[in-house]
Protein chains: 4
Amino acid sequence: MKMGLIGLGKMGGNMRQRLRNAGIEVVGYDRDPALTDAADLADLVGQLGDSPRIVWVMLPIQAVPETLATLKELLGEGDVVIDGGNSKWTHDVPNAELLAEKGIGYLDVGVSGGVWGLENGYALMVGGSKENVAKALPIFEALKPEGPYGYVHAGGVGAGHFAKMVHNGIEYGIMQSYAEGWELLTAASAVDDVPAVFESWQEGTVIKSWLLELCVRAMQEDPNLDHIRGYAEDSGEGRWTVEAGIDLAVPTPAITASLYARFVSRQEDSPAMKLVAAMRNQFGGHKVLAEDENSRDDASDRLGEGAAGRAKA
Amino acid sequence: MKMGLIGLGKMGGNMRQRLRNAGIEVVGYDRDPALTDAADLADLVGQLGDSPRIVWVMLPIQAVPETLATLKELLGEGDVVIDGGNSKWTHDVPNAELLAEKGIGYLDVGVSGGVWGLENGYALMVGGSKENVAKALPIFEALKPEGPYGYVHAGGVGAGHFAKMVHNGIEYGIMQSYAEGWELLTAASAVDDVPAVFESWQEGTVIKSWLLELCVRAMQEDPNLDHIRGYAEDSGEGRWTVEAGIDLAVPTPAITASLYARFVSRQEDSPAMKLVAAMRNQFGGHKVLAEDENSRDDASDRLGEGAAGRAKA
Amino acid sequence: MKMGLIGLGKMGGNMRQRLRNAGIEVVGYDRDPALTDAADLADLVGQLGDSPRIVWVMLPIQAVPETLATLKELLGEGDVVIDGGNSKWTHDVPNAELLAEKGIGYLDVGVSGGVWGLENGYALMVGGSKENVAKALPIFEALKPEGPYGYVHAGGVGAGHFAKMVHNGIEYGIMQSYAEGWELLTAASAVDDVPAVFESWQEGTVIKSWLLELCVRAMQEDPNLDHIRGYAEDSGEGRWTVEAGIDLAVPTPAITASLYARFVSRQEDSPAMKLVAAMRNQFGGHKVLAEDENSRDDASDRLGEGAAGRAKA
Amino acid sequence: MKMGLIGLGKMGGNMRQRLRNAGIEVVGYDRDPALTDAADLADLVGQLGDSPRIVWVMLPIQAVPETLATLKELLGEGDVVIDGGNSKWTHDVPNAELLAEKGIGYLDVGVSGGVWGLENGYALMVGGSKENVAKALPIFEALKPEGPYGYVHAGGVGAGHFAKMVHNGIEYGIMQSYAEGWELLTAASAVDDVPAVFESWQEGTVIKSWLLELCVRAMQEDPNLDHIRGYAEDSGEGRWTVEAGIDLAVPTPAITASLYARFVSRQEDSPAMKLVAAMRNQFGGHKVLAEDENSRDDASDRLGEGAAGRAKA
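An unreviewed UniProt entry lists chain A under the name 6-phosphogluconate dehydrogenase, with Naumannella cuiyingiana as the source organism.

Written out as C-alpha cells, the structure is:
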C-alpha cells in the first residue's frame, strides 16, 4: 500500500511514523524541507504511481481549500483525497462535489489521539462512500488502535468530521467538569491533599477515565498547578458543536459553559462586567474599581461585612 | 407617628430624611456619634415613649442577631421590630419566634431604591401579620414612592425578604443581559457608536427599563467605560436566590450565569482553567502559559491559523 | 413624501397606518388582495413616480432575496431599498452590493415595537450611508416614537440589523430573568400573592421596566398563567446573537441560557436526559421510567427518602 | 476482624457480601427481617463483643440522626462509627462532636461503585483522624478495588463526604456532556449509526471512560433509547456541590447546567416558560398555546417562515 500525506507537523509527522511502522509506503509533503519527502504536490503525486492514488491531507483548516484545488488538478478518476484535519464538517460536501467533477473520491476523517496516537493508535471517524472507504481501509487499519474499537465509518461525506466535532464538544464538557471539581476541592479547606483524591479516583469510581489519568499525571508534575496559567485556547470544534446545537435547537448547556469558560480565561478584563460594575455604581453608589486599582482582596466587603456596620442598598 | 431607626448609613440615613420629610418623628441610632440621635439602644427606646413602639433595624446581616437580642430586652408586649436590611429570609421566622417570647411583633421588609430612594421613594416588600403591618403602615406610606405601586404586603414572616431576594436575583439577570449585549456591540465592528445605540433604546423598544437608563447615564460619563474595572461584588441575595432555586428544584440558569460571571470577575486567575490547560498540554502537547507569561494577544493561533501550516491534534 | 411598503402583515400593516397618520403617502403591496394597494411590485414602483424612490421591505427573511432581485430589476440609480424585516445582519452587505450594481442604495433597519408600535412609535436602528439615510429621514421621523429616543443611525450597512439582533438577545435575557423569578416565587410557599409582588415592583425598584409592565398585564388576565403553556418559540435573532458571540469569543451565558430554555420548552422528551437516565440505570441500578410511565410525582424519592430506608449508590 | 453494618439495601447488602468474601465477620442490621443478622441495634452491638467496636452506617441521610443517637447510647470509649452513606459533609463535624461526648470515634466515608462494587470493589474517600482510620483499615482494604487506586484518606472529619460530593458533581457534568453529544448526533442527519460512533470512541479518543462504556452498554440494549424516558432524579450531592461552589465563590457552570437539566427533565410544564410565552404574547401578539393544545410540531413557524409571508415583530 502506497499513499501521500500532506502536512507533517506534530500530528502528521507521527502518523507517517505509525503508518510506516505498519508497512505502508508513505510519501510525505511539508513546506519544511527537513520533513518533506517530495519537492511539491506534483512530485508527491508523481511518486504515488498509478491510480487509485490515495492522498491524505493533514492541514489546518485555512490551508485546505488551496491544497484541494491543486490536488484536483493533479489527480484523476478513481483517486481518493482524505481530509483528516480538524476541518469544519460543513466544508465536506462542497469539497467532495469539487473533486467529484474530475471523478476524484473524497473522505473526511476525524482523527483523535494527540501526542499519544503514535504509540496507542488514532481513533478514526470516517465519512464518505463505502467504495472510497474500501480503498483506504489498509490505511485506517494501520492508524487505528488495536482491538475492536477506535474506528467507525460514521456515514456519508461529512459524517466523520461531524462525529469528531461532537467528540471534541464532549471533551470540552468533561474537561470542564474535572476542572470545576478541582477548583472546588482546592478552594475548600476540607480536603488536605487534592492530588491524592484525584489519584484515588482512578479505580472504583463512576468518573474514572483517560482524562482523569491525564489530570493525575499533570498533578504529579506540578501538584498545585502553580506553574500553569488558567488560560485555555479553543479549537474550532467546540464552537462548531455549539453552533450545530443552535442550528438544530439542541440545547448544549454544559458544553457551552465549557466553551465560554475558555473565552473568559483569555480576557484581561471583561467589558460585560465593566457595565455591571457601572450599573451597580449608578443605583447603589457601589464603589467601582479603577482600571489600575488592585483591590481584589477586599472580599470581606462582599457579603455586607461593611466597614461602617450599616446596611447596604 | 414616632419610630426608632437603627443604622444610619447610606441607606438608613436617607430613609430617616425621607421619613422626617413626611412628618414622621424618627429617633435614629448609629455607632457614629455624628449621625446618632440616641446614646444607645436603651436611650432610643426610652425616647420612643409608650407602646406600641416601632423600631426599624437597618443593619448588615452580621449585626442583626446581637441587635435583636438587645431589643428583646428593651421592648415588650405590642411593640414591633422591623428588619429592613438585606437579611436572609430564612432568618426571619427564628427572629420572629425569638421576639414573640416577649410578645414583640416582627416584620421583615425588603427595601429597594438605592441612592435614588430619598427622592423617588423606596419599594417595600413586607412580610408579617396584618396586625403588625397595620401598626407600621404610616411608616411604609412615608417611605414608598407616590402612586399605586412600590408597596406590597407579600405574606407572612419571611415573605418580604424572600420577595426582595428574588427581586435582586432578577436584577442580576437583567444587568447581565445588558452587559452581554454591550460586550457584543463593542467587540463587533458593525456598530460605530455603541452608547448612541443604548441611548436610542430608551423609547419604543422591548428592553426599555430603569436599568437601561442607568447604563446610558454611565456611558455619558465614560463612553467606553475605560475607567471602570470589570469587577463586580455580589451581595447575599444573588447567592440565596440560586440556593432557593436548588432547594425547590427550580432551574435558574440566567440568574446563576449572572452570579458566576461576578465570581469570575473577581478571580485573578482561574484554578479550573489551570487544570483545563494542563489537560490540553497532556494530550495534545498544547503549549501552556507560565504564570508570568503574557501571551493573551496570540489569538491568531486560536483557530488553527498556526505558524507552521500544519494540523493540530 | 411617497414610499413603497412591501409586506402588510401584523407589523407592516400597522406601520402603513402610522406612516399615513403622519402624512406619508404609502403604496403598500401584499399578496393578500384585501390588503394590497398595488397589483404587483412593478405596479408599486410605477405608482411611486420619479426617483429617488424609497421602497421598504417588511418580509420574513426567506422572502427577502427574491423580492430584492425583483426590485433590482424595477428600480434604478438613486433609489433606496430598505430592509426593515428581521433579517440576519450578515445578509446586508451582500444585499447592498447586489443593489449597488444598478446604483440602488440600501439601508437595513431593525424595528422594535410589536403591536404597540402603531400608537407609541417604533424604535429604529439604522445601518447604511449618510446619504441614503438622509433620503429616508422623513419616514424614520414618522415611524419613531416622539421625544429624543427611539432612533439611531448605528453605522454602515449591517449595523441596524446587528443592533436589533443584540437588542433581541438582551430581550431574551431579561424575559428569562423575570421568568425565573416568577417560577421561584410560585414554587416557594413564602409569598401569598405573587402577581401582587410583580405589580408592586413597577415603582421604586431596580427592575422596573416595560417588560415588567407586560408581566403585570398578563397576570391581570390570568393570575397563575393557568391557561398558557410553557412553550416559547425563538426567532432568529436570539440564535444569531449567541452565534455572533461565539464568533467574537464573547461569552453570553445569560442570553444563551435563555435561548436554551426556549429550546427545551419545545421538547416533548429530552434525548439527552434519556442517556443520563440510561447511565444512572447502568451504574446504580436506578429505575428508569418507560416512555409511557407517569411517575413524575415520585419526587419523594429524589433526595433519598427511599421506601426501604436504605442508602442509595 | 468483626464489624457491624446498618442498612442492607442495594448498597449495604452487596458490601456485606464483599466484606465477607474478604473474611471480615459482618453483623448486619436491617429493618427487613429477611435481611438482618440482628434483632435490633442493641443486639448488633452485643454481638460485636469488646471494644473497639466498629459500626458502619449505610442509611439514607434522613435516617442517620436517629441511628447515631441510638449508637451513642450503645457504644463507648474507643469504638468507631462510620457514616458511609450519601450524607451531607456539613453534618459530619456535628456528628463527630456528638459521638465524641462519649469518646466514640467518627469517620465519614464517601463510597462509589454502585452495582458494580461487589465485583470490582468500592472507591472509598475517607475523612477523620489517623487513629480512627487505622482501626477501620482492614474494612477499607476489603472494600476497595485491587491495585493502587480507589482509596484515599482525604483529610479530617467531613473530608470524605466532601470529596465524594465533588466526585458526584463531576459525574453529573460528565454524564451531561455525553448526553448533549448524543442528542446532537441523533438530531443531525449526518451520522447514520450513532451507537456505532459511541462504541468506536472506547479506544484511541480523548473521551474514553467508564461512563462511555456504560453508554455503549445501554445502547446495546436499546439502540435509540426508545424505551427510556428523559427523566432523571438528582441525589443530594449534585445540589450540595453547586451550593458549596456558591459558598466559596467558585463558579461551577457545567455542573450547574447538568443539575438544572435534571430539574427540567422532571417538569411537566415550565412555569418560567409560561411567563416567557405570556410576555411574547403581550408585546408581539405571538400566539400562546393553551395548556391542552398540542402544537409542538409547528416548528415551521419558528424562524419566521410565517403563514402569510410577512415580517414578525
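Additional details are given in the paragraphs that follow.
Caption draft 1: Summary view of the overall build of chain A. A count of helical and extended segments in chain A gives 12 helices and 7 strands. The globule rule puts the C-alpha radius of gyration for 313 residues at 20 Å, and the 25 Å found for chain A is more than 25% above it. Taken along the three principal axes of its C-alpha coordinates, chain A extends 85 × 45 × 40 Å. The burial tally for chain A puts 64% of its 313 residues in the buried class.

Caption draft 2: Local environment of the interface of chain D and chain B. Facing the 20 residues of chain D at the interface are 20 residues of chain B. Both sides of the chain D and chain B interface together cover about 1,600 Å² of buried area, and 71% of this is carbon and sulfur. On the chain D side of the interface with chain B, the three residues burying the most area are D:I246, D:P251 and D:Y260, jointly 40% of the side's total. Linking chain D with chain B are 0 salt bridges. Taken together, the connections running from chain D to chain B amount to 6 residue pairs in polar contact (both at pLDDT 80 or more).

Caption draft 3: Spatial organisation of the interface of chain B and chain A. Taken together, the contacts link 94 residues of chain B with 94 residues of chain A. Counting the surface lost from both chain B and chain A, the interface buries some 8,200 Å², and carbon and sulfur atoms represent 57% of this. Applying the counting rule to chain B against chain A returns 0 salt bridges. Across the chain B-chain A interface, the total number found is 19 residue pairs in polar contact (both at pLDDT 80 or more). Only helix 1 (10-21), helix 7 (159-187), helix 9 (210-221), helix 10 (236-248), helix 11 (253-265) and helix 12 (271-284) of chain B provide two or more residues apiece to the side of chain B that touches chain A.

Caption draft 4: Region of interest: the relation of the copies chain B and chain A. With an RMSD of 0.0 Å, the operation that places chain B on chain A is a rotation of 180° combined with a shift of 0.0 Å along the axis. Between the two chains, the operation in question is that of a two-fold axis. Proximity to the rotation axis, assessed at the C-alpha, singles out B:V264 in chain B; its C-alpha lies 4.1 Å from the axis.

Caption draft 5: Region of the structure containing the packing of helix 3 (residues 64-74) of chain B against helix 4 (residues 92-100) of chain B. Residues and elements named next belong to chain B. It is the contact of helix 3 with helix 4, at a shortest axis distance of 10 Å, that shows an interaxial angle of 20°. The pairing of helix 3 with helix 4 is recorded here as roughly parallel in orientation. Regarding helix 3 and helix 4, the two cross each other, and that crossing is right-handed. Seen from helix 3, the contacting residues are V64, L68 and K72; seen from helix 4, they are N95, L98 and L99.

Caption draft 6: Representation of the packing of aromatic side chains in the model. Using the criterion set out here, one finds 28 aromatic pairs over all chains in the structure. Here the guanidinium or amino end of A:R262 rests over the ring plane of A:Y172, the centre of that ring lying 3.8 Å away.

Caption draft 7: Representation of the pattern of salt bridges. Residues and elements named next belong to chain C. Scanning the model with the defined rule gives 37 salt bridges over all chains in all. Between K72 and E101 there is a salt bridge, and its shortest N-O distance comes to 2.5 Å. Residue K72 is located in helix 3 (residues 64-74), and its partner E101 is located in the loop between helix 4 (92-100) and strand 5 (105-112); the two are separated by 29 residues in the primary sequence. For K72, a relative accessible area of 14% corresponds to the buried category. Since its relative accessible area comes to 58%, E101 is described here as exposed.

Caption draft 8: Examining the environment of D:G156 more closely. Within the element layout of this structure, D:G156 appears in the loop between strand 7 (151-155) and helix 7 (159-187). Along the chain, D:G156 and D:G127 lie 29 residues apart, while their C-alpha atoms are 4.9 Å from each other. Look past the residues within four positions of D:G156 in its chain and what remains in contact with it is A:A190, A:D192, D:D108, D:G127 and D:G128.

Caption draft 9: Representation of the sheet that holds strand 2 (residues 25-29) of chain C in the model. Residue and element names in this part refer to chain C. Here we have 7 strands laid out as an open sheet, ordered 2-1-3-4-5-6-7, and mixed in their pairing. At either end of the open sheet lies a strand with only one pairing partner, and these are strand 2 and strand 7 (151-155). Across the sheet, the mean angle separating the axes of adjacent strands is 25° when strand polarity is ignored. Two elements, strand 3 (residues 54-57) and strand 4 (residues 80-83), share 4 bridges in a ladder whose sense is parallel. Looking across to strand 4, one finds that I54 is bridged to V80. Packing against the sheet, helix 2 (residues 41-48) makes contact with strand 1 (2-6), strand 2 and strand 3, and its axis sits at approximately 165° to strand 1.

Conventions used here
Residues numbered from 1 in each chain as written. Chains lettered and ligands numbered in written order. Predicted model: local features only at pLDDT ≥ 70, side-chain atom pairs only at ≥ 80, totals over all residues. Heavy atoms only, no water. Helix = DSSP H or I, 4+ residues; strand = E, 2+ residues; numbered from the N terminus. Rg over C-alpha atoms; globule rule 2.2 N^0.38 Å. Buried < 20%, exposed > 50% of the residue type's maximum accessible area, 1.4 Å probe, protein only. Contact = heavy atoms within 4.5 Å. Buried area = accessible area lost by both parts, 1.4 Å probe. Salt bridge = Lys/Arg side-chain N within 4 Å of Asp/Glu carboxyl O. Polar contact = N/O pair within 3.5 Å; in protein donor to acceptor, adjacent residues only side chain to side chain. Least-squares fit on C-alpha atoms with pLDDT ≥ 70 in both. Axes fitted to C-alpha atoms, helices over the stretch in contact; angles between N-to-C directions. Parallel < 35°, antiparallel > 145°, perpendicular 65-115°, else oblique. Left-handed = near helix turned anticlockwise from the far one by under 90°. Phe/Tyr/Trp six-rings, centres within 6.5 Å; stacked < 30°, edge-to-face > 60°. Lys NZ or Arg CZ within 6 Å of the ring centre and 35° of its normal. Pairing = 2+ DSSP bridges.

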